[in-house]
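Structural overview
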Amino acid sequence: MTVLQEGRRQLSEGKRAERRLGWLLCAPAAVVMVAVTGWPIIYSVWLSLQRYDLRFPAEREFIGLSNYAAVLSNGFWWNAFGVTMLITVVSVAVEFVLGFALALVMHRTLVGRGLVRTSALIPYGIVTVVAAFSWRYAWTPGTGYLANLVTPDGAPLTERASALGIIIVAEIWKTTPFMALLLMAGLALVPEDLLKAAAVDGAGAWQRFRSVMLPVMKPAILVALLFRTLDAFRIFDNIFVLTAGANETSSVSMLTYNNLIKGLNLGIGSTLSVLIFIAVAIIAFIFVRLFGTAAPGSAEEGRR
Amino acid sequence: MADIVLDKVSKKFPDGTIAASDVDLEVGDGEFVILVGPSGCGKSTTLNMIAGLEDISSGDLYIGGERMNDKAPKDRDIAMVFQSYALYPNMTVRENMSFPLRLAKLDKATVAQKVDEAARVLELEQLLDRKPANLSGGQRQRVAMGRAIVRSPKAYLMDEPLSNLDAKLRVQMRTQVSRLQKQLGTTTVYVTHDQTEAMTLGDRVVVMRQGRVQQVGPPQELYDSPANLFVAGFIGSPAMNFVHARLTDGQLSSVLGDVSLSGSLRRALAASDAPADLILGIRPEHFEDAGLVDEAHLGTGARFEGQADVVESMGSDKYVYLPLAAERASTAELDELAADAGATDLPASGAQLVTRLSAESPATEGAQVRVWFNPEKIHLFDPETGRNLTLAR
């Protein structure tokens, strides 16, 4: 480590010129990136600080943080936030367990490996909207096979608890294969010798899994959970098709859509988008903190 | 501590490959036994079966008199050292070494005491709080050894533990392993493809080929009286020279000239009813520069003359390579040995005789060299079965 720092201090003139050229060559790409991703973010922050309803364009004015106060003191936001958190936590937790099991199966399968992997990935290959529609029809009273089978005289998609349950199931069904795929890549990182050594050292299957496999797979697990949590937090299409947010099943994205596109309220809509952005950033931050040095790109990782 | 007995142990993989067939082996209590052979000979599979990492297809395995076939690795009370060291990357050296003890639910004080003890023996005290990623190859190797010895298991199984070290370190670690094993007196089975390790470390050596045990014996015995062509060619460096030979009325003719066999050799051949076509094997070190052999001995031996192709002077002695006017002797065993040594990758150069002469020999490259050998030292093999026909002498 110290050697590295000393080396950095004693950069020669040529090295420095080379580095400057590197920055210059990167600059155009960086500028485009900032323009494409940075500008919309800045613009939506700007919009969120204004009263701006397209139905009353004349009333546009700068109102500071009033929009935020309005949203954060409103039951709709907190309800949507709660729903989103519930869907995120439950679906990611279940997906992780199922995905891990599936990854282990795919990793260990000796015969028909290709077939097993392909068939496991089918749900992920189906367009979410199409899958969501098939779930909706399956739960439609009278014609849906699941509705007839499970609740012959109810309408599960019209009640809050059962509707949320169905949304979560649809979400899990769809993205477990993705989780499994990411975790399988992690499993491939665990050297066979390590598991053998643990077996000889006296570890049972569970201890091998917990003390050897999980720690070695930590970076892959972090990536899988982070991707899925951020994805699940922004859930939209399943809810849009299954309940359209009725009976208090709106997620934050759904709420934003209703305000921004349907309600034409650019101010409140932008405020909601910014809040989602902040929530996503906080989630990512917590994950990286939680997993510490195992995070991709951290110093420990780089040295290995 | 315990003995290990393999009784007709076989391993057949689901795809039909037979990795080990009818391996019979008795490793005594405290004995250091080496499994050696070219890659794919089944030595690692055999070790894994002892460890319980591979199922035994048929046959019985006993450790300390107890049948172990169906026991999980963790219930066999053995420790294993891997070629890759297999250190847990997320644990410090101390945690790595204490892992088996913690799994065995020993109390903290005992764990700490045993780890410190092992660390002292292996000189790892300074490294106990480091992660494996921050250790050198030799240090990792010692940690792997440490993890094995902390438990005082019934037996150590070592799977090419030194193969990933560089040559110099390997020699040092070799002596350390040997000293450690003697000090601890624990039964050890050690797999290697390196015949120097095989010859120097073990009480006994098991030579394997294609899943079968070729010969079991102390290193010197394997060197002096190899049971077959394969063992003869595998043990010894540089390898034994092999040439085709023909036996007529006690006279052996080959590219090395005609040799009349001694009475004991003749009787041995007659007893094993040898075919007329044989393979003659003679080790490089059994040659001497004819000019350096005194008159009395010169008459009893055989002589061969050739133009030195290459002369390698090692200081202590000279390796002289003489081309032979014949094809390289070829049987299934010899071809496998040649492939293992990488000789098949070289351009075909025909047969050559490798001789190790005294340093005083005046041999130089391109010059005619006369070499002498004692016919008593030769081995004769049946080309069909590979059996050594001169063992009974």
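Below you will find a few notes about this structure. Since this is a predicted model, take the numbers as computed values, not measurements.

1. Regarding the interface of chain A and chain B
One frequently used descriptor of interface size is the decrease in accessible area upon assembly of the parts. Between chain A and chain B, the residue contacts involve 18 residues of the former and 23 residues of the latter. Carbon and sulfur atoms supply 64% of the area that chain A and chain B bury against each other, a total of about 1700 Å² over both sides. Taken as a group, K196, V200 and D201 of chain A account for 36% of the area that chain A buries against chain B, more than any other trio of residues on that side. Along the contact surface separating chain A from chain B lie two salt bridges. On inspection of chain A and its partner chain B, the count reaches six residue pairs in polar contact (both at pLDDT 80 or more). Contributions of two or more residues to the side of chain A that touches chain B are made by α9 (192-200) and α10 (205-233) of chain A. With seven residues, the top contributor of residues to the side of chain A that touches chain B is α9 of chain A. Residue composition of the side of chain A that touches chain B, by class: nine nonpolar, four polar and five charged.

2. Quick word on the sheet that holds strand β10 (residues 212-217) of chain B
Residue and element names in this part refer to chain B. The six strands lie next to each other as β6-β7-β8-β3-β9-β10, forming an open sheet whose pairing is mixed. On the outer flanks of this sheet lie β6 (78-81) and β10, each paired with one strand and no other. When the angles between neighbouring strand axes are averaged without regard to direction, this sheet yields 15°. By the bridge criterion, four bridges tie strand β3 (residues 32-36) to strand β9 (residues 204-209) in an arrangement that is parallel. Following the sheet pairing, I34 is matched in β9 by V205.

3. Notes on the pattern of salt bridges
One side chain can pair with another of opposite charge once the charged atoms of both are near each other. Under the definition given, this model contains 26 salt bridges over all chains. D201 of chain A is the partner of R151 of chain B in a salt bridge, and the nearest nitrogen-oxygen pair spans 3.8 Å. Of this pair, R151 of chain B sits in the loop between α4 (137-149) and β7 (155-159) while D201 of chain A is found in the loop between α9 and α10, placing the two residues in two different chains. According to the relative accessible area criterion, R151 of chain B is buried, its value standing at 15%. Owing to a relative accessible area of 5%, D201 of chain A belongs among the buried residues under this scheme. A salt bridge links R370 of chain B to E305 of chain B; the nearest nitrogen and oxygen atoms lie 4.0 Å apart. In this pair, R370 of chain B is assigned in strand β20 (residues 368-373) and E305 of chain B in strand β16 (residues 302-307), connecting sequence segments 65 residues apart. With a relative accessible area of 40%, R370 of chain B lands in the partly exposed category.

4. Here we look at the side chain of N228 of chain B
Residue and element names in this part refer to chain B. When you line up the elements, N228 lands in the loop between α7 (219-224) and α8 (229-234). Separated by 2.9 Å, the side chains of N228 and Q214 make a polar contact. Looking at N228, its side chain comes within polar contact range of the main-chain nitrogen of F230, at 3.1 Å. Excluding residues that lie within four positions of it along the chain, N228 makes contacts with Q214, F381, G386, R387 and N388.

Here is what the cut-offs are and how they apply
- Residues numbered from 1 in each chain as written.
- Chains lettered and ligands numbered in written order.
- Predicted model: local features only at pLDDT ≥ 70, side-chain atom pairs only at ≥ 80, totals over all residues.
- Heavy atoms only, no water.
- Contact = heavy atoms within 4.5 Å.
- Buried area = accessible area lost by both parts, 1.4 Å probe.
- Salt bridge = Lys/Arg side-chain N within 4 Å of Asp/Glu carboxyl O.
- Polar contact = N/O pair within 3.5 Å; in protein donor to acceptor, adjacent residues only side chain to side chain.
- Helix = DSSP H or I, 4+ residues; strand = E, 2+ residues; numbered from the N terminus.
- Nonpolar A, V, L, I, M, F, W, Y, C, P; charged D, E, K, R; others polar.
- Pairing = 2+ DSSP bridges.
- Axes fitted to C-alpha atoms, helices over the stretch in contact; angles between N-to-C directions.
- Buried < 20%, exposed > 50% of the residue type's maximum accessible area, 1.4 Å probe, protein only.

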